[in-house]
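Below are the chains, spelled out letter by letter.
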Amino acid sequence: MPLNSSAFAPPMPEGGLTDLATLDRTEMAAQVKAMNLPAYRGKQLWNWVYSRGVRDFAAMTNLSKADRADLAQRSTIGRLEVNRHLTSNDGTQKWLLRLHDGHLIETVYIPENDTGTLCISSQVGCTLNCQFCHTGTQKLVRNLSAAEIVGQLLLARDSLDDWRTPEGLRQIRNIVMMGMGEPLYNFDNVSRALGVHDDP
């Protein structure tokens, strides 16, 4: 994959199901259209996938049973693979995640008294050699796709049980692009990832 790749999603295995958690809004709308569903279904799917973190089509109760069955035949809602998950005494959590091509990245959650911060990677490796950062000693392999950047947040919310509640409370209140890589060197995909947010 070129370092300046602007694709939202990582490559999908040939003949595989469409992973809805790798689609942007335009791609979600196209998926719904290809299934001959009404356009408003795209917004409903978006809400289930990105606002509620639902991965079981049967739980998408505002879709008909026939539509849910059709989605289950054509689609999946995936997550990045956890290679290792560590939790420290102060509640900090670190995930070592394996990407579709076998490369590894890190995501870190740092709790505070009234908030929490998630540190997300934007590249595999880094070209910079900041004295305080071990990643700078590793060579840059490639940029992450927007879906791989967003996927870190989805996985962390799963692990922390941090999906939307009636009270609107969240453990993850801040997101910083301070994991592996320099986000401004992957500007297009970081920008696309930042465009994936909860519906009001």
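Residues numbered from 1 in each chain as written. Predicted model: local features only at pLDDT ≥ 70, side-chain atom pairs only at ≥ 80, totals over all residues. Heavy atoms only, no water.

J.: Help me get a handle on the overall build of the protein chain, residues and values and all.
T.: Scanning the protein chain for helices and strands turns up 5 helices and 9 strands. Within the protein chain, the proportion of its 200 residues that are buried is 45%. A separation of at least 24 residues holds for 55% of the contacts in the protein chain among residues at least 6 apart in sequence. Accessible surface computed for the protein chain: about 10800 Å², of which carbon and sulfur atoms make up 53%. (Helix = DSSP H or I, 4+ residues; strand = E, 2+ residues; numbered from the N terminus. Buried < 20%, exposed > 50% of the residue type's maximum accessible area, 1.4 Å probe, protein only. Contact = heavy atoms within 4.5 Å. Areas by Shrake-Rupley, 256 points an atom, 1.4 Å probe, with all protein chains shown as cover.)

J.: Can you lay out the side chain of E148 for me, pointing to particular residues and giving the numbers?
T.: Relative to the assigned elements, E148 resides in helix 4 (residues 146–160). Polar side-chain contacts of E148 include one of 2.9 Å to the side chain of R142. (Polar contact = N/O pair within 3.5 Å; in protein donor to acceptor, adjacent residues only side chain to side chain.)

J.: Tell me about the confidence of the model for the protein chain, and name the residues and values.
T.: Here the protein chain averages 86 in pLDDT, while 84% of its residues score no lower than 70. Segment residues 1–6: pLDDT under 50, and 12 contacts once partners within four positions in sequence are set aside and those in other chains are kept. (pLDDT = per-residue confidence, 0-100.)

J.: Any details on a nonpolar patch on the surface? Residues and values, ideally.
T.: Together, L184, Y185 and F187 line one region of the surface with nonpolar side chains, adding up to about 380 Å² of accessible area. Secondary-structure assignment places F187 in helix 5 (residues 187–194). (Patch = residues over 30% accessible without salt bridge, like charges linked within 9 Å, V, L, I, M, F, W, Y side chains within 5 Å. Salt bridge = Lys/Arg side-chain N within 4 Å of Asp/Glu carboxyl O.)

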